[in-house]
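Remarks on the overall topology
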Amino acid sequence: MENVIFIILNVLFLAILILFISRQGQGASLLEESYSKQIALLIDSAKPGMTIVLDMTKAKEVAEKNEIDFEDIVISANNIITVKLSEKGGHSYSYFNDVDINIYPNLEIDSYVIEVNKYG
Amino acid sequence: MVEFYKKGGSKVLSIYWFVILLIIAGGIVAMVYSFYNHPYDVRHLEGDIMINSIADCISRQGRINSGLLNSGEFSQSFKNNFLNECHINFNVEEIFENEPQYYFEVTFYNSGNLNNSIFNIPKGNSNLLASCNIQDEKEYKREIKCIEDDFFSFDSSGELYLIKILVAIKKTEKNVK
């Protein structure tokens, strides 16, 4: 009986540890940072005429948990990209490429579409 | 009696075992927090992209842009208007209080004399340049990211030039903790 309790406690301990580590990697603030930097770097390396489709399934899951509309999670203004996945959160990153862009969600494939139109 | 000591021994072992597990868990939690509390440093990628974009603007298919260099003469107006010509915008987030977070310098050398530069285009916050020389020192390693690259290109008359591009990016608050 003691051995069984011992093993159960060990398994419980390991499960909590794995859950903790996996949850840490999926936090809203971490995703906000990685998506905002990723989008800014994609725009930096883009040329006019390009259309970029970015899969944001993970962002959608987190935003839905935090009751944020998928349509509102990415904002672009004055060469700055802001990604907001929680009510109090949000992360911004600037891009240097002086291009005129359209950024909008594609709800069918849980993605954001970045259209690079022309130089500003 | 022996059975009694055996039971006592295993209980003590279990306590030690859980103490060890707690120490390991504490270590893992500390490492995970430390890892995820540091922002991703993407400045080296940003610097590489900026160098490529400047190089594309200066030279296409191995030929220097005729707007910049024509008949052996460098255009001063192209230099003054370089950010517009190359579609570069130094706007940054409010937390930087409008202080430019970028600096770049394009230096041209004649292939016959690689020691003395013949033309230079510096743009952005020149204060960042001082940090490039000390960025290898451990204390300043994370302060400012400096990236340098060079390539050769011909002008319209077939003269060969070495072009060096140095990019310095600060954005410390967004990339380093």
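Remember, it's a predicted structure, so these values are computed and weren't measured experimentally. (Residues numbered from 1 in each chain as written. Chains lettered and ligands numbered in written order. Predicted model: local features only at pLDDT ≥ 70, side-chain atom pairs only at ≥ 80, totals over all residues. Heavy atoms only, no water.)

1. Remarks on the overall build of chain B
- Counting its regular elements, chain B contains 6 helices and 8 strands.
- Across chain B, helices and strands are ordered from the amino to the carboxyl terminus as α-α-β-β-β-β-α-α-β-β-α-β-β-α.
- Classification of the 177 residues of chain B by burial places 38% in the buried group.
- Counted over contacts in chain B with a minimum sequence separation of 6, partners at least 24 positions apart contribute 64%.
- When the accessible surface of chain B is summed, it comes to about 10,600 Å², and 52% of that surface belongs to carbon and sulfur atoms. (Helix = DSSP H or I, 4+ residues; strand = E, 2+ residues; numbered from the N terminus. Buried < 20%, exposed > 50% of the residue type's maximum accessible area, 1.4 Å probe, protein only. Contact = heavy atoms within 4.5 Å. Areas by Shrake-Rupley, 256 points an atom, 1.4 Å probe, with all protein chains shown as cover.)

2. Some points on the interface of chain A and chain B
- The interface is formed by 30 residues belonging to chain A together with 32 residues belonging to chain B.
- Linking chain A with chain B are 1 salt bridge, by the criterion used here.
- Inspection of the chain A/chain B interface yields 13 residue pairs in polar contact (both at pLDDT 80 or more).
- When residues in the side of chain A that touches chain B are grouped by element, the largest group, 9 residues, is from helix α1 (residues 2–24) of chain A.
- The residue makeup of the side of chain A that touches chain B, split by class, is 13 nonpolar, 11 polar and 6 charged. (Salt bridge = Lys/Arg side-chain N within 4 Å of Asp/Glu carboxyl O. Polar contact = N/O pair within 3.5 Å; in protein donor to acceptor, adjacent residues only side chain to side chain. Nonpolar A, V, L, I, M, F, W, Y, C, P; charged D, E, K, R; others polar.)

3. What to know about the sheet that holds strand β4 (residues 91–94) of chain A
Residues and elements named next belong to chain A.
- A sheet is described by the order of its strands in space; here 3 strands give the open sequence β2-β3-β4, paired in antiparallel fashion. The sheet is open, and its two borders are formed by β2 (74–77) and β4, each paired with just one other strand. Averaged over neighbouring strand pairs, the angle between their axes works out to 20° when direction is ignored.
- Where β2 and strand β3 (residues 80–83) come together, 4 bridges link them in antiparallel fashion. Bridge pairing links Val74 to Val83 in β3.
- The sheet strands contacting helix α2 (residues 28–44) are β2, β3 and β4, and the helix crosses β4 at an angle near 20°. (Pairing = 2+ DSSP bridges. Axes fitted to C-alpha atoms, helices over the stretch in contact; angles between N-to-C directions.)

4. Let's talk about the nonpolar core
- Judged by nonpolar contacts, the single largest core of 61 residues is most densely connected at Ile73 of chain A together with Ile54, Val106 and Phe108 of chain B.
- Beyond its immediate sequence surroundings of up to four residues, Ile54 of chain B is in contact with Phe82, Ile88, Phe104, Val106, Ile165 and Val167 of chain B.
- If you look at the next biggest cluster of nonpolar residues, it comprises 7 residues, including Leu128, Cys132, Cys146 and Leu166 of chain B. (Core = buried A, V, L, I, M, F, W, Y, C linked by side-chain atoms within 4.5 Å.)

5. Describing the confidence of the model for chain A
- Across chain A, pLDDT averages 90, with 100% of residues at or above 70.
- Mean pLDDT values for the elements of chain A range from 84 in α1 of chain A up to 95 in strand β1 (residues 51–55) of chain A. (pLDDT = per-residue confidence, 0-100.)

6. A look at the side chain of Ser75 of chain B
Residues and elements named next belong to chain B.
- By the secondary structure assignment, Ser75 is in the loop between β4 (73–74) and α3 (76–80).
- A polar side-chain atom of Ser75 sits 3.1 Å from the main-chain amide nitrogen of Phe78.
- Setting aside residues up to four positions removed in sequence, Ser75 forms contacts with Gly67, Leu68 and Phe119.

7. Side note on the state of the cysteines
All names here are of chain B.
- On inspection of all chains with the given rule, the structure shows 2 disulfides over all chains.
- Covalent S-S linkage joins Cys57 and Cys86, the inter-sulfur distance amounting to 1.9 Å. Judged by the sign of its S-S torsion, about -70°, the bond between Cys57 and Cys86 is left-handed. Of this pair, Cys57 sits in helix α2 (residues 43–58) while Cys86 sits in the loop between α4 (82–85) and β5 (102–110), and the two are 29 residues apart along the sequence.
- The exposure class of Cys86 is buried, given its relative accessible area of 6%.
- In this model Cys132 forms its disulfide with Cys146; the gap between the sulfur atoms is 2.0 Å. Every disulfide takes its handedness from the sign of the S-S torsion; for Cys132 and Cys146 that torsion is -85°, giving left-handed. In this pair, Cys132 is assigned in helix α5 (residues 129–132) and Cys146 in strand β7 (residues 145–154), connecting sequence segments 14 residues apart. (Disulfide = S-S within 2.5 Å.)

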